[in-house]
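Here are the chains, one letter per residue:
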Amino acid sequence: MATAVEFGLDTFGDVTADADGDHVPYAQVIRNVVEQAVLADRLGVDAFGLGEHHRDDFAVSAPEIVLAAIASRTERIRLGTAVTVLSSDDPVRVFERFATLDALSRGRAEITLGRGSFTESFPLFGYDLADYDRLFAEKADLMSHLLTEGPVTWQGSVRPPLEKQHVYPKTESGRLRTWVGVGGSPESVVRAARYGFPLVLAIIGGHPSRFAPYVDLYHRALAEFGTERLPVAVHSPGFIARTDEEAADVLWPHARAMFNRIGGERGWAPMTRERFEDDIRDGAMHVGSPETVARKIAATVSSLGVQRFDLKYSSGTLPHERMMTAIELYGTEVIPRVRELLAAQTTTGS
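What you are looking at is a predicted structure, and each value in this text was computed from that prediction instead of being measured.

The next point concerns the overall build of the chain. A count of helices and strands for the chain gives eleven helices and twelve strands. Projected onto its principal axes, the C-alpha positions of the chain cover 60 × 50 × 40 Å. Every one of the 350 residues in the chain was classed for burial, and the buried ones make up 54%. Nonlocal contacts in the chain, meaning residues at least 24 apart in sequence, comprise 72% of its contacts between residues at least 6 apart. Taken as a whole, the chain presents about 15,300 Å² of accessible surface, with 53% of it coming from carbon and sulfur. Counting 37 positive and 48 negative side-chain charges, the chain places the centres of these two groups 3 Å from one another.

Inspection of the secondary structure puts H320 in helix α11 (residues 320-348). Here the side chain of H320 touches Q36 through a polar contact of 2.9 Å, side chain to side chain. The residues touching H320, leaving out its near neighbours within four places in the chain, are T16, N32, E35 and Q36.

By secondary structure assignment, the location of H53 is in the loop between β2 (47-50) and α2 (63-71). The residues contacting H53, other than those within four sequence positions of it, are F12, F58, V60, S61 and F118.

Our next topic: the nonpolar core. Counting residues in each nonpolar core, the largest one holds 100 residues, and the members touching the most others are F48 and Y330. By residue number, the principal contributor to this core is α11, which donates ten residues.

Taken residue by residue, helix α9 (residues 273-282) has F276, D279 and I280 as its buried positions. Projected down its long axis, α9 carries its buried residues within an arc of 100°, all on one side. Exposed residues on α9 whose side chains face more than 90 degrees from its buried face are E274 and R281. On its buried side, α9 packs onto α8 (244-266), β11 (286-288) and α10 (290-304).

Right, let's get into the packing of aromatic side chains. The full count for this structure, using the stated rule, is eight aromatic pairs. Between the aromatic rings of W252 and F276, the centroid separation amounts to 5.1 Å while the plane-to-plane angle is 50°, which identifies the pairing as tilted. Remark: F276 occurs in helix α9 and W252 occurs in helix α8; sequence separation between them is 24 residues. Since its relative accessible area comes to 0%, F276 is described here as buried. Here a set of aromatic residues connected by ring pairs shows up, and it is made of F12, F58 and F118. Positioned above the aromatic ring of Y168 is the side chain of K170, whose terminal nitrogen or guanidinium carbon lies 5.0 Å from the ring centre.

Quick look at helix α1 (residues 26-42) now. In this model, α1 (17 residues) spans 25 Å end to end at C-alpha, consistent with the 24 Å of a helix rising 1.5 Å per residue. Every buried residue of α1 is accounted for by V29, N32, V33, V34, Q36, A37, V38, L39, A40 and D41. The elements touched by buried residues of α1 are β1 (6-11), β2, α2 and α11. Count one or two residues on from α1 and you reach G44, which has phi positive near 90°.

Each value, and the rule that gives it
- Residues numbered from 1 in each chain as written.
- Predicted model: local features only at pLDDT ≥ 70, side-chain atom pairs only at ≥ 80, totals over all residues.
- Heavy atoms only, no water.
- Helix = DSSP H or I, 4+ residues; strand = E, 2+ residues; numbered from the N terminus.
- Buried < 20%, exposed > 50% of the residue type's maximum accessible area, 1.4 Å probe, protein only.
- Contact = heavy atoms within 4.5 Å.
- Areas by Shrake-Rupley, 256 points an atom, 1.4 Å probe, with all protein chains shown as cover.
- Lys, Arg positive; Asp, Glu negative; His and termini not counted.
- Charge placed at Lys NZ, Arg CZ, Asp CG, Glu CD.
- Polar contact = N/O pair within 3.5 Å; in protein donor to acceptor, adjacent residues only side chain to side chain.
- Core = buried A, V, L, I, M, F, W, Y, C linked by side-chain atoms within 4.5 Å.
- Arc of directions from axis to C-beta.
- Phe/Tyr/Trp six-rings, centres within 6.5 Å; stacked < 30°, edge-to-face > 60°.
- Lys NZ or Arg CZ within 6 Å of the ring centre and 35° of its normal.
- Expected span 1.5 Å × (residues − 1).

Right, here's the structure in full:
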């Protein structure tokens, strides 16, 4: 019998625009994120993830606090990060914060660890970018020890050692669900397998099927390390409206502004409408009507054989009201339709 696929939503808490085109204050953006999660929970979405950023175009720098607020107003949705920038954080504090969130949410907390595609947290917290790889490698190793919830003895070069140290609070289940997010590095895929972390593939460019070799590498690495098969998830951008045309037209100015701002910092060519349309048609963006988005998600899930799909539904200044409508369509129409399409594939053996 095929394993049931989970469906989640991710947001970075982007600073949005109001009806007049003005930026919404950070405090209101955060409150709006809570409302988005409450709606997702009511609609039966499986998981809700918050990104961590430390720059002026995102409002969420402390996702665990926002997730705790969400936990108090929801019943069943899993609450996690997309991602926790472990390299510039202390794994002990990460464990403590998420174990606390797990208690408040009655076992619904999860973590996605990552190196992060933005680097603002490194100078902010006093870390040298020259240590980028070493920081994540050592801290991921320590995190793997902390997750056992037993006494930890550990030594590395990026923080003081631990000697038979217990960390509190312990969780009721004895294990925090913890993923590792990767963007296309084979070394990161193998590292996730080595430590027994489920894998999240951040597919933000190119056709999703091109990530199939990473899924295969992950499963082969798990087998070589003698670890049981673990789930793989996809995080990918998208937006849903009543028609394909409406979805593209509404998203375009917000996606363009976000891409061009980040791209200007990184030396990318400006986004064109033609490229935007190409990415919707043949790339990573899951944008369109409920039927169009459902078919593309089903194709992504089936081509990669993943166990979870998380739609990154926020995009720059895209207004809160538009995101609420997209969440409504995702929960009421897209997810049920994807399940139908996947079930039909299983029945026909395709």
